[in-house]
Amino acid sequence: MNLDLVTVVVEEYGPAIDFFVGALGFELVEDSPSSTGDGRPKRWVVVRPPGGRTGVLLARADGDGQAAVVGRQVAGRVGFFLRVDDVDSAYGRMVSAGVEFVTAPRVEPYGRVAVFLDIAGNRWDLLGPTG
């Protein structure tokens, strides 16, 4: 068994792709035309960290209900976790790319961590080893 995808609801595809690919360094795995359950056009957009197994489906908000959860998918908690080999290096690269961090890197019992916001405003942990 394998967790294949998680969804991040975004306002628009283009800026979301730019953020995940350009600022975070993810790979654009797929960007294909699709349609909603009632036949309206949409896109199937998947990004994934290099070498990662689980991807992120970037889903443009469809309607007021979905638009209301953009940036609040997990009620303001950290809901996504990006593991790297070197937090300080990744932190510096991401800050240079314009990623907004809520906390600077710090050491916790489970590793070195810094909290950042994605393009939609969701909180992510940037995680790595302590040394």
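The preceding data block contains the structure.
Here's what I pulled together on the structure shown here.

### A look at the pairing of strand E3 (residues 41–48)
Taken residue by residue, a regular strand's side chains alternate between the two faces of the sheet. Summarising the sheet, strand E2 (residues 27–35) and E3 pair through eight bridges and their orientation is antiparallel. Directly across from serine 32, in E3, lies its bridge partner tryptophan 44. Once E2 ends, the chain turns through five residues before running back antiparallel as E3, passing glycine 39 with a positive phi of about 95°. Sheet analysis places E3 next to strand E4 (residues 55–60), joined by three bridges and oriented antiparallel. Residue pairing for E4: valine 46 is matched across the bridge by leucine 57. The antiparallel pairing of E3 with E4 creates a hairpin that spans six residues between the two strands, and glycine 51 there sits at a positive phi of about 80°.

### Concerning unusual backbone geometry
For alanine 75, which is not a glycine, the phi torsion comes out positive at approximately 55°. Turning to its location among the elements, alanine 75 is positioned in the loop between helix H2 (64–67) and strand E5 (78–83).

### Considerations on helix H3 (residues 87–96)
Turning to H3, its buried residues number three or more, namely Val87, Ala90 and Met94. End-on, the buried residues of H3 take up no more than an arc of 70°, which puts them together on one face. The elements touched by buried residues of H3 are helix H1 (13–23), strand E6 (100–101), strand E8 (111–117) and strand E9 (123–128). The backbone nitrogen of aspartate 88 lies 3.1 Å from a side-chain oxygen of the residue at the head of H3, namely aspartate 86. One or two positions beyond H3, positive phi appears at glycine 98, with a value near 95°.

### Regarding the nonpolar core
Judged by nonpolar contacts, the single largest core of 26 residues is most densely connected at Leu58, Phe116 and Leu126. Per element, the largest residue contribution to this core is six residues, and it comes from H1. Other than its neighbours up to four places away in sequence, leucine 126 contacts Leu82, Val84, Val87, Ala90, Tyr91, Met94, Phe101, Arg112, Val113, Ala114 and Phe116.

### Quick word on the side chain of arginine 48
Tracing the backbone through its elements, the reader meets arginine 48 in strand E3. Buried charge without a partner: arginine 48 forms no salt bridge, and the closest opposite charge is aspartate 4, 4.6 Å away. Dropping the residues within four chain positions of it, arginine 48 is found in contact with Phe26, Glu27, Val29, Arg53, Thr54 and Gly55.

### A look at the packing of aromatic side chains
Under the counting rule described, the total for this entry stands at eight aromatic pairs. Ring plane angle 55° and centroid distance 5.9 Å describe the contact between phenylalanine 20 and tryptophan 124, whose orientation is recorded as tilted. One end of the pair, phenylalanine 20, is in helix H1; the other, tryptophan 124, is in strand E9, and 104 residues separate them in sequence. Each member of the pair, phenylalanine 20 as well as tryptophan 124, carries the same accessibility label: buried. Through a chain of ring-to-ring contacts, three or more aromatic side chains come together here, namely Phe19, Phe20, Phe26, Phe80, Tyr91, Phe101, Phe116 and Trp124.

### Structural notes on the sheet that holds E2
The mixed open sheet is built from four strands, whose spatial order is E1-E4-E3-E2. Of all the strands in the sheet, just strand E1 (5–10) and E2 have a single pairing partner and so form its edges. Along the sheet, successive strands turn relative to each other by an average axial angle of 25°, direction set aside. Where H1 meets the sheet, its contacts fall on E1, E2, E3 and E4, and the angle it forms with E3 comes to roughly 5°.

Cut-off values and rules
Residues numbered from 1 in each chain as written. Predicted model: local features only at pLDDT ≥ 70, side-chain atom pairs only at ≥ 80, totals over all residues. Heavy atoms only, no water. Pairing = 2+ DSSP bridges. Helix = DSSP H or I, 4+ residues; strand = E, 2+ residues; numbered from the N terminus. Buried < 20%, exposed > 50% of the residue type's maximum accessible area, 1.4 Å probe, protein only. Arc of directions from axis to C-beta. Contact = heavy atoms within 4.5 Å. Polar contact = N/O pair within 3.5 Å; in protein donor to acceptor, adjacent residues only side chain to side chain. Core = buried A, V, L, I, M, F, W, Y, C linked by side-chain atoms within 4.5 Å. Lys, Arg positive; Asp, Glu negative; His and termini not counted. Salt bridge = Lys/Arg side-chain N within 4 Å of Asp/Glu carboxyl O. Phe/Tyr/Trp six-rings, centres within 6.5 Å; stacked < 30°, edge-to-face > 60°. Axes fitted to C-alpha atoms, helices over the stretch in contact; angles between N-to-C directions.

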